[in-house]
Amino acid sequence: MSIWPRTDSDGIASDTATGTATESTPHTTAPATIDIALHPLPPLPKLAQVWAGLEARADSSFFLSWSWIGPWLAQMPAGIEARLLLARRGGELVGLAVLCPRKRRRLGLLPSRCWMLHETGDRGYDRLFMEYNGILADRRFADEVTDAALHWLGARLSANDELVLGGLTPAAERAARRVAARTGHSLQLRIADSAQWVDMAPVRAAGGDFRAGLGRNTRAAVNRSERLYRARGGLDYRVATTVEEALEDFAALEVLHQAGWKARRQAGAFANPAFRPFHEQLITQGVPSGTVRLCRISAGGQPIGYLYNFVHRNRVLNYQGGFAFEADNRLKPGLLSHVLAVEDALARGEDCYDFMSTPAGHKPLLSNAEQPMNWLTLGPDRVSRRWRRIADGREG
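Quantities reported herein were computed from a predicted structural model and do not represent experimental measurements.

Caption draft 1: Up close: the packing of helix α6 (residues 216-230) against helix α9 (residues 333-347). The interhelical angle for the contact between α6 and α9, taken along N-to-C directions, is 95°, at an axis separation of 9 Å. The angle between α6 and α9 places the two elements in the roughly perpendicular class. Packed against α6, whose contacting residues are Thr218, Ala221, Val222, Ser225, Glu226 and Tyr229, the element α9 presents Pro333, Leu335, Leu336 and Val339 at the interface. A breakdown of the residues in the contact of α6 with α9 according to their chemical character gives seven nonpolar, two polar and one charged.

Caption draft 2: Geometry of the packing of aromatic side chains. With the rule as written, the count across this model stands at 19 aromatic pairs. Ring centres 6.1 Å apart and planes at 70° place the aromatic pair Phe323 and Phe325 in the edge-to-face group. Members of the aromatic cluster, joined through ring pairs, are Phe62, Phe63, Trp68, Phe250, Phe270, Phe275, Phe278, Tyr308, Phe310 and Tyr319.

Caption draft 3: Inspection of the environment of Ser357 at higher detail. Locating Ser357 in the fold gives a position in the loop between β13 (352-356) and α10 (362-366). A relative accessible area of 4% places Ser357 in the buried class. Linking Ser357 and Glu131, residues 226 residues apart in sequence, is a C-alpha distance of 7.7 Å. Not counting residues within four places of it along the chain, the set of residues in contact with Ser357 comprises Glu131, Asp193, Ser194, Ala195, Lys363, Met373 and Trp375. A distance of 2.9 Å separates a polar atom in the side chain of Ser357 from a polar atom in the side chain of Glu131.

Caption draft 4: Representation of helix α3 (residues 142-155). The terminal C-alpha atoms of α3 lie 20 Å apart, and with 14 residues this matches the ideal 20 Å at 1.5 Å per residue to within 8%. Within α3, burial applies to Val145, Thr146, Asp147, Ala148, Ala149, Leu150, His151, Trp152, Leu153 and Gly154.

Caption draft 5: Region of the structure containing the nonpolar core. By size, the foremost hydrophobic cluster in this structure holds 56 residues, and its most contacted members are Trp51, Phe63, Trp68, Trp72, Tyr308 and Phe310. Apart from the residues within four sequence positions on either side, Tyr308 is in contact with Phe250, Leu253, His279, Leu282, Ile283, Val292, Arg293, Leu294, Leu317, Asn318, Tyr319 and Gln320. Val94, Ala97, Trp115 and Ala137 belong to the second-largest nonpolar core, a separate cluster that totals 31 residues.

Caption draft 6: Spatial organisation of the pattern of salt bridges. Across all of its chains, the model carries 20 salt bridges by this definition. With its nearest N and O atoms 2.9 Å apart, the salt bridge here joins Arg177 to Glu173. Of this pair, Arg177 and Glu173 both sit in helix α4 (residues 170-183), four residues apart, which is roughly one turn of that helix. Given a relative accessible area of 43%, Arg177 falls into the partly exposed group. Among the ionic pairs, Arg293 bridges to Asp344, the shortest N-O distance being 3.9 Å. You can see Arg293 sitting in strand β10 (residues 292-299) and its partner Asp344 sitting in helix α9, a full 51 residues away along the chain. Side by side, Arg293 and Asp344 carry an identical accessibility label, which is buried. Within the structure, one salt-bridge network assembled from shared partners comprises Arg57, Glu92, Asp138 and Arg140.

Caption draft 7: Structural view of a positive patch on the surface. Together, Arg102, Arg104, Arg123 and Arg190 make up a region of like positive charge exposed at the surface. Mapped onto the elements, Arg104 comes out in strand β4 (residues 92-106). Owing to a relative accessible area of 35%, Arg104 belongs among the partly exposed residues under this scheme.

Caption draft 8: Looking closely at α6. Helix length check: α6, at 15 residues, gives a terminal C-alpha distance of 21 Å against a target of 21 Å (1.5 Å per residue), a fit within 8%. Thr218, Ala221, Val222, Ser225, Glu226 and Tyr229 are the residues of α6 that are buried. Buried residues of α6 fall within an arc of 130° about the axis and therefore sit on the same side. Turned more than 90 degrees away from the buried face of α6 sit Arg216, Asn217 and Arg227, all of them exposed.

Caption draft 9: Quick look at the pairing of strand β14 (residues 369-379). Of all the eleven residues making up β14, eight are buried; the element is thus mostly covered by neighbouring parts of the structure. Bridge count for strand β7 (residues 161-165) against β14 is three bridges, and the pairing is antiparallel. What sits directly across from Leu165, in β14, is Leu376. As defined by bridge partners, strand β8 (residues 186-199) adjoins β14 across eleven bridges and the pair is classed as antiparallel.

The rules behind these values
- Residues numbered from 1 in each chain as written.
- Predicted model: local features only at pLDDT ≥ 70, side-chain atom pairs only at ≥ 80, totals over all residues.
- Heavy atoms only, no water.
- Axes fitted to C-alpha atoms, helices over the stretch in contact; angles between N-to-C directions.
- Helix = DSSP H or I, 4+ residues; strand = E, 2+ residues; numbered from the N terminus.
- Parallel < 35°, antiparallel > 145°, perpendicular 65-115°, else oblique.
- Contact = heavy atoms within 4.5 Å.
- Nonpolar A, V, L, I, M, F, W, Y, C, P; charged D, E, K, R; others polar.
- Phe/Tyr/Trp six-rings, centres within 6.5 Å; stacked < 30°, edge-to-face > 60°.
- Buried < 20%, exposed > 50% of the residue type's maximum accessible area, 1.4 Å probe, protein only.
- Polar contact = N/O pair within 3.5 Å; in protein donor to acceptor, adjacent residues only side chain to side chain.
- Expected span 1.5 Å × (residues − 1).
- Core = buried A, V, L, I, M, F, W, Y, C linked by side-chain atoms within 4.5 Å.
- Salt bridge = Lys/Arg side-chain N within 4 Å of Asp/Glu carboxyl O.
- Patch = residues over 30% accessible without salt bridge, like charges linked within 9 Å, V, L, I, M, F, W, Y side chains within 5 Å.
- Areas by Shrake-Rupley, 256 points an atom, 1.4 Å probe, with all protein chains shown as cover.
- Lys, Arg positive; Asp, Glu negative; His and termini not counted.
- Charge placed at Lys NZ, Arg CZ, Asp CG, Glu CD.
- Arc of directions from axis to C-beta.
- Pairing = 2+ DSSP bridges.

So far we have only geometry, and geometry alone does not tell us how the molecule works.
Below is the structure:
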């Protein structure tokens, strides 16, 4: 059976099915099933209302909030036929996700279709990087909804289809592994990574001095760098308070970011043509709501660093930065900027400063918590997939 839904004449999918997850209930009531359906994407204003309503009942990440999903859908490249997955329990909406189909040829010959969770299959557009991915689900039934949605999708994959699950939360990855075990599908690891962050709870329990908990060499490097910058005429940490300020800081961040990557003979994030328009929309919408935080760090009136952070459910997520590196290696603009941002979040009473995935030298130096974040592919265990695992050294 194809994952593609049948549609009524008005374009709304009528191919509904029941997921396998149920919730335990008293003996007088039958267990409630979770019904899954896949629909064409509705107009964005309508979807925004539905998404925001469920988001208020979910314990989801920033990347599953409308603050991210809205601009992602609005800026999506032409030709991508996104589909909306809906999960209902007793008629009540309890789950949402966006799936994008992508046709490919395996080994250059075999036609296949990838179903991508909150990704598009467009290489450039997906470099916006979805993280903490999963199903937007009512917190009361989150595990059941995720299990049911992934099982429903997995059970409908044809022999050459696969479900692409990028940047999963640990809970979503556990659900994917349960689905693989139930369906007999293989689950392939595409990218193994981890997210690292500063958990503020142990910092506060130890007296609230973040620097005191750093390693001796890291603490010395941060303090020495701060002294050298202050000697230039003071050190200033400023958060943009208006959209105009934030967009100016974002443009200045781009200059420093691209200069740093160019010095390493590599393309930075802004070389991606999708990057700037997407984030300009996200910033324009996110600064007034407090979900976007652009930080400028200056020494003697001259910027030495910019941080582009998201704020969601009392958690600060560092997405991008740009720093003015100099020949004097005692100056650590990136390290110092992050320390000041952590201390600012600590002072605001926030729970976490999250560096998210991808390796970087400052992350293990400043973090006190970590969890895996992996990119997976789920699909029927066909011969070509087994050969790929063998080639990657995962079998035999």
